[in-house]
Amino acid sequence: QLQLVESGGGLVEPGGSLRLSCAASGSTLDRYAVGWFRQAPGKEREGVLCLNRRDGSTNYADSVKGRFTISKDNAGNTVHLQMNSLKPEDTAVYYCAARPYWCSATSADFGLWGQGIQVTVSS
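Residues numbered from 1 in each chain as written. Predicted model: local features only at pLDDT ≥ 70, side-chain atom pairs only at ≥ 80, totals over all residues. Heavy atoms only, no water.

Overall, the coordinates contain two disulfides when judged by the stated rule. Covalent S-S linkage joins C22 and C96, the inter-sulfur distance amounting to 2.1 Å. A torsion of 65 degrees about the S-S bond marks the disulfide between C22 and C96 as right-handed. Taken together, the residues C22 in strand β3 (residues 18–25) and C96 in strand β9 (residues 92–99) connect sequence positions 74 residues apart. Here the two residues C22 and C96 agree in accessibility, since each one is buried. Across a sulfur-sulfur distance of 2.1 Å, C50 and C103 are joined as a disulfide pair. Its torsion about the S-S bond being -90 degrees, the disulfide of C50 and C103 is classed as left-handed. Within this pair, whereas C50 is found in strand β5 (residues 46–51), its partner C103 is found in the loop between β9 and β10 (112–113), the two being separated by 53 residues in sequence. Exposure class is identical for C50 and C103. Each is buried. Going through the protein in sequence order and numbering each bonded cysteine, the pairs you get are 1-3, 2-4. (Disulfide = S-S within 2.5 Å. Helix = DSSP H or I, 4+ residues; strand = E, 2+ residues; numbered from the N terminus. Buried < 20%, exposed > 50% of the residue type's maximum accessible area, 1.4 Å probe, protein only.)

This model, assessed by the stated rule, comprises five aromatic pairs. Seen in terms of ring centroids, F37 and W113 are 5.1 Å apart; in terms of plane orientation they differ by 50 degrees. Their pairing is tilted. With F37 in strand β4 (residues 33–39) and W113 in strand β10, this pair connects stretches of sequence that are 76 residues apart. Owing to a relative accessible area of 0%, F37 belongs among the buried residues under this scheme. Between the aromatic rings of F110 and W113, the centroid separation amounts to 6.4 Å while the plane-to-plane angle is 65 degrees, which identifies the pairing as edge-to-face. Its relative accessible area of 4% is what places F110 among the buried residues. Judged by its relative accessible area of 25%, W113 is partly exposed. (Phe/Tyr/Trp six-rings, centres within 6.5 Å; stacked < 30°, edge-to-face > 60°.)

To continue, consider the pattern of salt bridges. One pass over the structure, following the stated rule, counts three salt bridges. Where R38 meets E46, a salt bridge forms, and the shortest distance between an N and an O atom there is 2.7 Å. In this structure R38 comes out as buried when scored by relative accessible area, which is 5%. Taking relative accessible area as the criterion, E46 reaches 32% and is therefore assigned partly exposed. Measuring nitrogen to oxygen at the nearest pair gives 2.8 Å for the salt bridge that ties R67 to D90. Of this pair, R67 sits in the loop between β6 (57–59) and β7 (68–72) while D90 sits in the loop between β8 (78–83) and β9, and the two are 23 residues apart along the sequence. Accessibility classification places R67 together with D90 in one group, the buried group. What emerges from the salt-bridge pattern is a single network uniting R38, E46, R67 and D90. (Salt bridge = Lys/Arg side-chain N within 4 Å of Asp/Glu carboxyl O.)

Take it as geometry only, folks, not as evidence of what the structure does.
What follows is the structure in structure tokens.
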């Protein structure tokens, strides 16, 4: 059974960079779309970026355009979220999620989730 584990979170100063990783076990991600979501305190979970099985990435949040990128390694079992020019409003718990279909901006469409990792942007 597919399982997802996030890593790479932590504390970073405004303007800094952070790279999150989502590692799959039990299966490869070849037939899955993988999305990154985030949830700040008191706010609903929102989609950030999603990597389709064949058609590349899909941007969900305009606020991260040009700053965040999503990629998958050659082995096909890890998806990365590169975050540059970080802002305090990027502070949230970040989750990766997978579904055996195309990308969706609706978090409820994803059935497989990682445990979530904290990203804090503060000076």
